[in-house]
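Below are the chains, spelled out letter by letter.
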Amino acid sequence: MAKITKEQYTKWSKQAKNGFSLDLQYYVIWNEKTLTKRIKMADGDVMEFKIEYQRECKQKTNKWGCKCYVETGQYIPMLIVKRWHPTKTGSYMSSGYEEEKPLGEPEQSKKYSILCKLSGEIDTDEYMRKIAT
């Protein structure tokens with residue numbers, strides 16, 4: 001389990017743009033920096049925007065014609081959008097709405113500075129308008 005000081009959290013969150021911040025829970029559990037922005041909707045639901053790296057995989061076919069996915073060793077910056085509904089117990093449950101979108105080209109390593117740069121290019125207001133219609 002990773003450790004982080006309040007000063008580190010503040011410093012890393014300030015590097016993000018457009019209302020995104022370091023996902024503290026994800027960092028402490030997985031020791032990996034990702035960015036999250038949550039927007040509460042009028043109906044009580046919460047839209048979660050997450051910027052993270054996912055492993056790049058390519059489909060391969062062996063000599064018998066069987067297909068499988070093999071990791072390339074690179075990482076793709078992704079935007080994951082989820083909608084969460086409040087439950088009667090005070091927690092949240094996924095609504096089933098999820099959208100994933102690549103934000104850039106595959107990278108050799110996971111660079112937090114790239115995630116921060118990409119956070120400034122995401123128009124969350126446009127996503128909110130699209131979801132509302």
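Scope of this entry: the structure provided in the associated data block.

Rules used throughout
- Per-chain numbering applies: the sequence of each chain, read as written, is numbered from 1 onward.
- Given that this is a predicted model, residues contribute local features only at a pLDDT of at least 70 and side-chain atom pairs are listed and counted only at 80 or more, while totals for whole chains, interfaces and linings are drawn from all residues.
- Calculated side-chain values reflect all of the structure's heavy atoms, with hydrogen atoms and water omitted.
- We define a salt bridge as a contact between a side-chain nitrogen of Lys or Arg and a carboxyl oxygen of Asp or Glu at a distance within 4 Å.
- Throughout this description, buried means an accessible area under 20% of the type-specific maximum (1.4 Å probe, protein chains only), exposed means over 50%, and partly exposed covers the range between.

**Some thoughts on the pattern of salt bridges**
Taken as a whole and assessed by the stated rule, the structure comprises 10 salt bridges. We note a salt bridge from Lys58 to Glu56, for which the minimum N-O separation is 3.8 Å. Exposure remark for Lys58: the relative accessible area of 43% places this residue in the partly exposed category. The class for Glu56 is buried, based on a relative accessible area of 10%. Note that Lys111 is salt-bridged to Glu107, the shortest N-O span being 3.4 Å. What you see here is one network of salt bridges that share partners, running through Asp43, Asp45 and Arg83.

Everything listed here is a matter of coordinates, which is why it stays silent on function.
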